Amino acid sequence: YTPTQFIDKNLELYEANSVLVIAISQTGTSSGTVQSIEYAKNHGLPVLSVTERPNTPVHLSGDHYLNFQCDLEDTNAKTKGYINSLILLKLLAIEMAQVRGTISNKNYDSFYQELKLSVREIPDTIQKTILWLENNKHWVQVNNLLAIGDGTNYGSATGGSLKLLETLGVVGCACELGEFSHGYHRTL
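### Observations regarding unusual backbone geometry
Thought 1: The phi angle at asparagine 55 is positive, at roughly 60 degrees, despite the residue not being glycine.
Thought 2: Along the chain, asparagine 55 turns up in the loop between strand E2 (47–51) and helix H3 (57–61).
Thought 3: We note that glutamine 69 has phi near 65 degrees; this positive angle belongs to a residue other than glycine.

### Quick look at the side chain of threonine 56
Thought 1: Residue placement: threonine 56 occurs in the loop between E2 and H3.
Thought 2: Those residues in contact with threonine 56 that lie beyond four places of it in its chain are Thr27, Gly28 and Thr51.

### Section: the packing of aromatic side chains
Thought 1: Under the definition given, this model contains three aromatic pairs.
Thought 2: Judged by centre distance (5.9 Å) and plane angle (90 degrees), the ring pair of phenylalanine 6 and tyrosine 39 falls under edge-to-face. Placement of phenylalanine 6 in helix H1 (residues 3–7) and of tyrosine 39 in helix H2 (residues 31–42) is noted, with a sequence separation of 33 residues between them. Accessibility assignment for this pair places phenylalanine 6 and tyrosine 39 in one class, buried.

### Examining the environment of proline 3
Thought 1: Along the polypeptide, proline 3 turns up in helix H1.
Thought 2: Separated by 83 residues in sequence, proline 3 and leucine 86 place their C-alpha atoms 17 Å apart.
Thought 3: Setting aside its immediate chain neighbours within four residues, proline 3 contacts Gly32, Thr33 and Ser36.

### What to know about a nonpolar patch on the surface
Thought 1: Nonpolar side chains collect at one region of the surface, where Ile83, Leu86, Val119, Ile122, Ile126 and Ile130 lie side by side and expose about 430 Å² of accessible area between them.
Thought 2: Secondary-structure elements contributing two or more residues to the nonpolar patch are helix H4 (79–100) and helix H6 (122–135).
Thought 3: Per-element tally for the nonpolar patch: the top contributor is H6, with three residues.
Thought 4: Checked against the element boundaries, leucine 86 lands in helix H4.

### Examining the packing of H4 against helix H5 (residues 105–120)
Thought 1: Packing of H4 against H5 brings their axes to within 10 Å, and their N-to-C directions diverge by 170 degrees. By the angle between their directions, the pair H4 and H5 is classed as roughly antiparallel. The handedness of the crossing between H4 and H5 is left-handed. Residue-level inspection shows Ile87, Lys90, Leu91, Ile94, Glu95 and Gln98 of H4 in contact with H5, the latter providing Asn105, Tyr108, Phe111, Tyr112, Leu115 and Val119.
Thought 2: Residue composition of the contact of H4 with H5, by class: eight nonpolar, two polar and two charged.

### A word on the sheet that holds strand E1 (residues 21–24)
Thought 1: Within the open sheet, the three strands sit side by side as E1-E2-E3. Their pairing is parallel. Only two strands of the sheet have a single neighbouring strand rather than two, namely E1 and strand E3 (64–67). Each neighbouring strand pair of the sheet contributes to a mean axis angle of 25 degrees, computed without reference to strand direction.
Thought 2: Both E1 and E2 contribute to a ladder of four bridges, which runs parallel. Each residue of the ladder has a partner; that of alanine 23, found in E2, is serine 49.
Thought 3: Across the face of the sheet, H4 comes into contact with E1, E2 and E3 while running at roughly 165 degrees to E1.

Rules used throughout
Residues numbered from 1 in each chain as written. Predicted model: local features only at pLDDT ≥ 70, side-chain atom pairs only at ≥ 80, totals over all residues. Heavy atoms only, no water. Helix = DSSP H or I, 4+ residues; strand = E, 2+ residues; numbered from the N terminus. Contact = heavy atoms within 4.5 Å. Phe/Tyr/Trp six-rings, centres within 6.5 Å; stacked < 30°, edge-to-face > 60°. Buried < 20%, exposed > 50% of the residue type's maximum accessible area, 1.4 Å probe, protein only. Patch = residues over 30% accessible without salt bridge, like charges linked within 9 Å, V, L, I, M, F, W, Y side chains within 5 Å. Areas by Shrake-Rupley, 256 points an atom, 1.4 Å probe, with all protein chains shown as cover. Salt bridge = Lys/Arg side-chain N within 4 Å of Asp/Glu carboxyl O. Axes fitted to C-alpha atoms, helices over the stretch in contact; angles between N-to-C directions. Parallel < 35°, antiparallel > 145°, perpendicular 65-115°, else oblique. Left-handed = near helix turned anticlockwise from the far one by under 90°. Nonpolar A, V, L, I, M, F, W, Y, C, P; charged D, E, K, R; others polar. Pairing = 2+ DSSP bridges.

Structure representation (structure tokens):
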């Protein structure tokens, strides 16, 4: 959830011992994230703060803290932090599932190996992307971009449209796959 979406949720439906709120802000200074932490804590929910910078408002507001471990980014578009936060969340899920006994050792190993392989593919993906861009320079002229995501990839689509705006100054639009045929397809 974005902070606004989270604050609009009815947290009365959740029991404190069954929920862990994970509040993410790479710089640790997002006022919306701090408000979300306060909202969760006012409803008795524990909060894990995840940032790259310790001793920030987001870090200090949470009950527990985890660092991104991606080092600082000097640009506004926080790409390393975004990727690291996704990997970190997957690792947390895998580890928590094993501790809780909700996945078998075989599935634990499979998930972990898949994640390791994905990380190893990053340099090759970067090189393939650069090569594709070199061979398709006409795409530089595009004025409108649409990022489409489905399920867990919807967040990546919205993040991708934000990165397009931050880096290229081109307004990108994100939509959920099921909504693509409801007008978004006209952008093409």
